[in-house]
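Working through the structure, step by step
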Amino acid sequence: MQISVLGAGAWGTALAIQAAGAGHDVCLWGRDAAAMARMREVGRNEAYLPDAPLPRGLALTSDFDLAVRHAGAGLTIIGTPMSGLRATLAALPASQRVLWLCKGFEAGTGRLGHEIARELQHSQRVGVLSGPSFAQEVAAGRPTALVAASEDAELAHAAVEAFHGDRLRVYTSTDPVGVEVGGAVKNVMAIAVGVCDGLSGSAPDAPGLNARAALITRGLAEMLRLGQALGARVETFMGLSGLGDLVLTATGDLSRNRRVGLMLARGQALPSILAELGHVAEGVYSAPTVLARAQALGVDMPVTAAMVALLEGRVTAAQGVDLLMGRQPRPE
């Protein structure tokens, strides 16, 4: 299959490695010409995946038009952050089959990826590739399972053909709304769990493992409520892009969103946290948009609201926990 991956970050590079290793004709595009030349020279993406060698057959380019032409009638994978999805989609021919990897709501509009795509080109064949996955593990060939979600069943099966292998299982779904909501909300919940774990042990009455379990569970409930309000199916949130991605991102040490929460719990200022990370933590940017979208739909999301207050500096980490514990009793 002819495959172009647009975005040479960790996740885009990992999937390009996977597809090229499976024998597909893959082109990986990055906008930084010097960085792509360096990748070509050393055979690795030193900035994002320094331990993963690039397959010999993987084409590398900084020429966007060349990468778009390469995909042709095959498959185009968008590996940009959520902030770059709209511009990238708008630059693609309507005839191309497209899947994106980013997770979140668009800042300003509050739209999910499929809503942006329908706004730009209603007839384009599009979907999302998501699930519990750290790029480093995929690039290293560690067992991983993903879900390709699209209303176009043929497109979802094309993702299986492109990426399914001995160490990477790809399931299909016809519920892109649920898959995208799960991918967006779990990042916010991972910050909350990071805060909880960061505060653990700091005082006799500090949150511990019980609080972590409660946050993950109530975070899943918030995810499900918002998803249902947007038309998603309940069972999607019990799968890879819901519970699976939530557990991984909230508890895995490779999670940038979890690290944001841990550092907030230590009292570190958000600007210095983001500077230290050096890479995008989507939950920081998605949290206010998730909350705004929920409020517009009349969906109660107290964990999300507490994280927005913390990220905006209106409460401390400990006060955020107190906000959640001080709520009035209600049925589960």
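Just so it is clear, the structure is predicted and the values come from calculations on it, not from any experiment.

This next bit is on the packing of helix α9 (residues 209-229) against helix α10 (residues 240-251). Helix packing geometry: the angle between the two helix axes and the distance between the axes. Where α9 contacts α10, the two axes come as close as 11 Å, and the packing angle between them is 140°. Put simply, α9 runs oblique to α10. Considering the relative orientation of α9 and α10, their crossing is right-handed. Two secondary-structure elements touch here, α9 through R212, I216, G219, L220 and M223 and α10 through G242, L243, L246, A250 and T251. Among the residues making up the contact of α9 with α10, the classes are represented as 6 nonpolar, 3 polar and 1 charged.

The subject of this paragraph is the UniProt feature "binding site: sn-glycerol 3-phosphate" (unreviewed entry) in the protein. According to UniProt, the positions carrying the feature "binding site: sn-glycerol 3-phosphate" (unreviewed entry) are K103, G131, S133, K186, D245, S255, R256 and N257. Residue placement: K103 occurs in the loop between β7 (98-100) and α5 (113-120). K103 gets classed as buried once you look at its relative accessible area, which sits at 13%. Polar side-chain contacts of K103 include one of 3.1 Å to the backbone oxygen of G131. With respect to the element layout, S255 can be found in the loop between α10 and α11 (256-265). Residue S255 is classed as buried on the basis of its relative accessible area of 2%.

With that out of the way, let us pick up the UniProt feature "domain: Glycerol-3-phosphate dehydrogenase NAD-dependent N-terminal" (unreviewed entry) in the protein. On the UniProt side, "domain: Glycerol-3-phosphate dehydrogenase NAD-dependent N-terminal" (unreviewed entry) is annotated at positions that read residues 2-155 here. The distance from the first to the last C-alpha atom of residues 2-155 is 14 Å, and the span holds 34% helix and 25% strand.

This part is about the nonpolar core. Of all hydrophobic cores here, the largest spans 50 residues; its most connected members are V181, V185, L226, V260, L264 and M307. Among the elements that line this core, the one with the most residues is helix α8 (residues 176-199), at 13 residues. Excluding residues within four positions of it along the chain, V181 makes contact with L112, M223, L226, G227, L230 and F237. Ranked by size, the runner-up nonpolar core spans 38 residues in total, among them I17, I77, L129 and L168.

Overall, mixed pairing links the 8 strands, which are arranged β5-β2-β1-β6-β7-β8-β9-β10 in an open sheet. Each edge of the open sheet carries a strand with a single partner, namely β5 (59-61) and β10 (168-173). Strand-to-strand twist of the sheet, defined as the mean angle between neighbouring strand axes without regard to direction, takes the value 20°. Relative to strand β2 (residues 25-29), strand β1 (residues 2-6) runs parallel, the two sharing 5 bridges. Within the sheet, the bridge partner assigned to I3 lies in β2 and is V26. Each of β7, β8 (126-130), β9 (144-149) and β10 is contacted by α8, which is oriented at about 45° to β8, the strand it contacts most.

Conventions adopted
- Residues numbered from 1 in each chain as written.
- Predicted model: local features only at pLDDT ≥ 70, side-chain atom pairs only at ≥ 80, totals over all residues.
- Heavy atoms only, no water.
- Axes fitted to C-alpha atoms, helices over the stretch in contact; angles between N-to-C directions.
- Helix = DSSP H or I, 4+ residues; strand = E, 2+ residues; numbered from the N terminus.
- Parallel < 35°, antiparallel > 145°, perpendicular 65-115°, else oblique.
- Left-handed = near helix turned anticlockwise from the far one by under 90°.
- Contact = heavy atoms within 4.5 Å.
- Nonpolar A, V, L, I, M, F, W, Y, C, P; charged D, E, K, R; others polar.
- UniProt positions renumbered as here; feature names shortened; annotations may be inferred.
- Buried < 20%, exposed > 50% of the residue type's maximum accessible area, 1.4 Å probe, protein only.
- Polar contact = N/O pair within 3.5 Å; in protein donor to acceptor, adjacent residues only side chain to side chain.
- Core = buried A, V, L, I, M, F, W, Y, C linked by side-chain atoms within 4.5 Å.
- Pairing = 2+ DSSP bridges.

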